[in-house]
Amino acid sequence: MGYPYWISTVGLCCGLLLTYISLRRSNFNFTFGHGLIAGYVLKAVQQLKARPAGGNDPATWNFDQFAQTHWDYQSNNHGTPMFFPWHRMFVLQYEKALRSIDPSITQPYWDWTLDSQHPQSSDIFHSQNFGGNGQSGNCVQDGVSAGWSSVIFKPSCLKRCSSFSTFYSPEALTGLINQALDYKSLHDAIENGPHASVHNQVGGTCGDFASMASAADPIFFLHHAMVDKIWSKWQSACTTNINSFEADPNSPMPPFNGVVNDVFDTNGLCYSYSSSAGDLALSVSCPNGKASNGIPPTIDNHWAEELLQALIVGADSQRITFIGKRDVQIEAISAYHPNGYSLNENYTIAAPAFDDLSDLVHLRHPAPIPDYHIKMMHMNETLVRQTELIAMKITDDYNNREGYCSPAALKHFNKHNHLGLYQ
Ligand SMILES: [Cu+2]
């Protein structure tokens, strides 16, 4: 049994007068200096897998029932506006099931931006954590899910054959959040960009994690808590973002009770997210001109201006007012880069190659999602490539800022991943 991490607040939450907002912590927040999830959480995950199947209340389910539910309801909740709210509900129900085993648990999240430059060395894959690549038959044989089965399709072992390159850095992710003026822009970018990148690389060509069977791998819930944190960050950046949705907010979320509107506010669901070293300051342009803290947002000129210059030769800075409007950006990108990517001529520093570990300071681009993964997951290739191009531009912008060093730079890697996986 672990120690409870509650922040007590007075207010109305879950119908109680004295209320508790539980804090979901990153994998780096458990023990100072590395990314191991606390043992009591891992133990509960194993108990969730081992216990018999439950009934109607998802809090009574076992692990395999969650994996099967993600599979059964896949088409409604991927590539649609339901992506964020349904997965928020899904992780919440999973967290409740863990709490039925150990009430002190809050669902951890994996801040993979901090591991973006060398994901294969993430402490997440340590044998005292979630374990690494599958061994014989690609079956996962170390970590919390050593020897686990996967119930999807036909019973087999849980597989992972990771193929790592780079994830989205804190800078690339923050830039995508900043450029999302509406829910659709955020959803298009995050599901097709950073979210898909982690699924594709951790699962590889054989792994459950790279398919709609992904919830058979317990890393799923840390990954989707991070995705949920991204939505909640964007929601709290502008007052108008909190209830912003692209479809009917009264849409149901089967098989769970409740509608989308019920999950807009994480505080109403009695949880919030810790900050992480991967959190960079947001500068979202709010539709009503006001950030939720009442401070008028500043346009993120430092990258927007250079991005614009990269896209439109001779662009003058007055055009800056158009940046952040997604359509303008994308039109400009395809006009200037019909055949792919090239470094802005004003820049001198190109991103290091994916496998170049000699440059400890500059950021690598997020690795492109392979075509086979896009096809297998029925993703929209245009959205994937547009997101990747924007992320590459943002990365170049930061790399060409004098003296800038990302919290995710390899130089800092061993400060948060020091369990010996990084060579
Ligand atoms: Cu996912």
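Residues numbered from 1 in each chain as written. Predicted model: local features only at pLDDT ≥ 70, side-chain atom pairs only at ≥ 80, totals over all residues.

Asker: I'm lost on the pairing of strand β6 (residues 256-259) in this one. Help?
Answerer: Where a strand is regular, its side chains alternate between the two sheet faces. Bridging between strand β5 (residues 252-253) and β6 involves two bridges; their strand directions are antiparallel. Residue pairing in the sheet places M253 in a bridge with F256 of β6. (Pairing = 2+ DSSP bridges. Helix = DSSP H or I, 4+ residues; strand = E, 2+ residues; numbered from the N terminus.)

Asker: Is there a simple way to think about the nonpolar core in this case?
Answerer: General note: in soluble globular proteins, nonpolar side chains tend to be found buried as a group. Core analysis: the largest hydrophobic core is formed by 78 residues, its most contacted members being L176, I177, M226 and W234. Elements represented by at least two residues in this core include exactly α1 (39-50), α2 (63-72), α4 (83-101), α5 (170-178), α6 (183-203), α7 (219-237) and α11 (381-399). Excluding residues that lie within four positions of it along the chain, M226 makes contacts with Y109, W110, D111 and W112. (Core = buried A, V, L, I, M, F, W, Y, C linked by C-beta atoms within 7 Å. Buried ≥ 20, exposed ≤ 12 C-beta atoms within 10 Å, placed from the backbone. Contact = placed C-beta atoms within 7 Å.)

Asker: Explanation requested: α7 in the structure shown.
Answerer: Every α-helix winds through 3.6 residues per turn, so residues three or four apart in the chain are directed the same way. Its 19 residues give α7 an end-to-end C-alpha distance of 28 Å, which sits within 8% of 27 Å, the value for a rise of 1.5 Å per residue. Burial within α7 is extensive, with 17 of its 19 residues counted as buried. (Expected span 1.5 Å × (residues − 1).)

Asker: Would you take a moment to explain the UniProt feature "domain: Tyrosinase copper-binding" (unreviewed entry) in the protein chain for this structure?
Answerer: According to UniProt, the "domain: Tyrosinase copper-binding" (unreviewed entry) feature falls on residues 78-95 and 217-228. Within the segment residues 78-95, helix and strand shares are 72% and 0% respectively, and the terminal C-alpha atoms sit 21 Å apart. Secondary structure across residues 217-228 comprises 83% helix and 0% strand; the distance between its end C-alpha atoms is 18 Å. (UniProt positions renumbered as here; feature names shortened; annotations may be inferred.)

Asker: Help me understand the environment of I177, please; the structure alone is not making it clear to me.
Answerer: Along the chain, I177 turns up in helix α5. Of the residues examined, I177 has 21 C-beta atoms within 10 Å and is grouped as buried. I177 has contacts with L186, I230, K233, W234, L282 and V284, leaving out every residue within four places of it along the chain.

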